[in-house]
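Okay, here's what each chain looks like letter by letter:
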Amino acid sequence: MSTHSNGMPVLPKEAYTSQEWFDREQALIFSKTWALAGFQEDITEPGQYISVQAGLNNIFIVMGRDHRLRAFHNICRHRGTQLLRAEGKTQKAITCPYHDWTYDLEGNLISVPEQEKEFPGIDLSCNGLKKASVDIWRGMLWVHPDENAPSIVNWFGDVEPYLAPYDPAGLIETEEGYSKHEIKANWKIIVENYIDGYHLAHLHSHTLNMYDHSKIECEFIGPHFAFWEPLADFYAAEVEKVTPMPLIPGIPKDRMGAWVPMLFPGIGLGESENSWSTFHITPVAPDRSIVEIRTRVANESTWAFTKAAMASASFWDKHLGTKYNGDPNVDPMSSGDFMLEDIYACEQQQKSLQSPYFEHGPSSKHGEKPVRDHQSVVAKWMESDQ
């Protein structure tokens, strides 16, 4: 890592383009931190499971016959074949598709075909599934590759007071709020865009202007980034009448706004006055990432949502728009969608990294300080075996 003349720590360009660097991140960062797996309601009955990639490890959570959640490495103890796919429901056991080795829902090996002939003397009790850790925090399911992982309360405890003052577990998930994006950019570019306060009033001048970007409150709490900004005056003055969705109860009026933390290494939370979302970044390659978004809203009737949308339509037609006046079907900058604007910016930045003329420019004193801080956090994890 080098240092910019204005004090900005700069990860080398290779940090965003190199397969070797990417592989080290997978081993040193994503394989040694808590990973978001889903929501508590994703697993509600014995045999139900979900799996998630946590760095070099594919891990699944399954509910046992005793209704306890357990996490295991998705690796058959015979030849290493993955046992389960992304999500689903087993019957009473987990069977490897390769040679039909079978495990119970508690991870014990219970059956080996042709055991006496092919594996005389095998001790089934020594060949159970490798355990990982699972825990629940704020209604979300988390896994850690280490069976004896550090406490999730300790991992997130210091940043929790900086999150939205409501319990997301009391909200309901919407089908319309789910989206999955394959972004042609390194995961750190996506994180840096997410935490960059300087771009909000510019890239999103017509799509996120309902918040007052001049009053951002943000800082790193350990490796995690905390962020809050208030509603813009024009919106705050009439928020009860013009919110496009029912407001989430429990937020003091003087604290209405957007809490947008980025939990290390790549789990964003979008916590606002009327919705709550997870923004889950999964690195796939040095120049490619998957972002999955799941959204919850207030537990109100369909009519309440319809009424809010109808009452606020003319207000938002007046205050929102597009950055450029082009064809929204081909130009993200003309889409009026802040997510598409962000994806465009991230992908263009990744493309420029391939140019021999690319070099880091000046970094803004305040708005881009989180970018510098995040790069320092990554560098620290990469320089020592945590």
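Residues numbered from 1 in each chain as written. Predicted model: local features only at pLDDT ≥ 70, side-chain atom pairs only at ≥ 80, totals over all residues. Heavy atoms only, no water.

A. Structural detail: the environment of Lys131. Counting through the fold element by element, Lys131 comes out in strand β11 (residues 131–137). Judged by its relative accessible area of 47%, Lys131 falls in the partly exposed class. Sequence separation between Lys131 and His366 is 235 residues, and the spatial gap between their C-alpha atoms is 44 Å. Residues within four places of Lys131 in sequence aside, it is in contact with Ala71, Phe72, His73, Pro145 and Glu147. (Helix = DSSP H or I, 4+ residues; strand = E, 2+ residues; numbered from the N terminus. Buried < 20%, exposed > 50% of the residue type's maximum accessible area, 1.4 Å probe, protein only. Contact = heavy atoms within 4.5 Å.)

B. Representation of the side chain of His280 within the structure. Here His280 lies in strand β20 (residues 276–285). With a relative accessible area of 15%, His280 lands in the buried category. Residue contacts for His280: discarding those within four places in its chain leaves Leu36, Val52, Gly266, Ile267, Ile290, Val291 and Glu292.

C. Inspection of helix α8 (residues 338–352) at higher detail. With 15 residues, α8 extends 21 Å between its outermost C-alpha atoms, agreeing within 8% with the 21 Å of an ideal straight helix rising 1.5 Å per residue. Within α8 the residues assigned to the buried category are Met339, Glu341, Asp342, Ile343, Cys346, Glu347 and Gln350. Packing partners of the buried residues in α8 comprise β14 (179–183), α4 (187–195), β20 and β21 (288–297). Residue Asp337 occupies the N-cap position of α8, its side-chain oxygen lying 2.8 Å from the main-chain nitrogen of Met339. (Expected span 1.5 Å × (residues − 1). Polar contact = N/O pair within 3.5 Å; in protein donor to acceptor, adjacent residues only side chain to side chain.)

D. Representation of the packing of α4 against helix α9 (residues 369–383) within the structure. Packing of α4 against α9 leaves a shortest axis separation of 9 Å and a crossing angle of 145 degrees. As for the relative orientation of α4 and α9, their crossing is right-handed in sense. On the side of α4, the interface is formed by Trp187, Lys188, Val191, Glu192 and Ile195, while α9 contributes Pro370, Val371, His374, Gln375 and Val378. For the contact of α4 with α9, the class distribution of residues is six nonpolar, two polar and two charged. (Axes fitted to C-alpha atoms, helices over the stretch in contact; angles between N-to-C directions. Left-handed = near helix turned anticlockwise from the far one by under 90°. Nonpolar A, V, L, I, M, F, W, Y, C, P; charged D, E, K, R; others polar.)

E. Region of the structure containing the UniProt feature "domain: Rieske" (unreviewed entry) in the protein chain. Mapped onto the present numbering, the UniProt feature "domain: Rieske" (unreviewed entry) falls on residues 34–143. Helix makes up 4% of residues 34–143 and strand 43%. Its end C-alpha atoms lie 6 Å apart. (UniProt positions renumbered as here; feature names shortened; annotations may be inferred.)

F. Inspection of the sheet that holds strand β5 (residues 57–63) at higher detail. Reading across from one edge, β3-β12-β11-β6-β5-β4-β7 is the order of the seven strands in this open sheet, with antiparallel pairing throughout. Edge positions in the sheet fall to β3 (35–39) and β7 (87–89), since each of these pairs with one other strand and no more. Within this sheet the neighbouring strands show an average axis-to-axis angle of 30 degrees, counted without direction. (Pairing = 2+ DSSP bridges.)

G. Just the packing of aromatic side chains, in detail. Taken as a whole and judged by the stated rule, the model has 18 aromatic pairs. Aromatic side chains Phe60 and Phe72 sit 5.8 Å apart centroid to centroid with 45 degrees between the ring planes, which places their arrangement in the tilted category. In this pair, Phe60 is assigned in strand β5 and Phe72 in strand β6 (residues 69–73), connecting sequence segments 12 residues apart. An identical accessibility class is assigned to Phe60 and Phe72; each is buried. Between Phe225 and Phe227 the ring centres are 6.2 Å apart and the planes differ by 45 degrees, which places this aromatic pair in the tilted class. Phe225 sits in the buried class, given a relative accessible area of 1%. (Phe/Tyr/Trp six-rings, centres within 6.5 Å; stacked < 30°, edge-to-face > 60°.)

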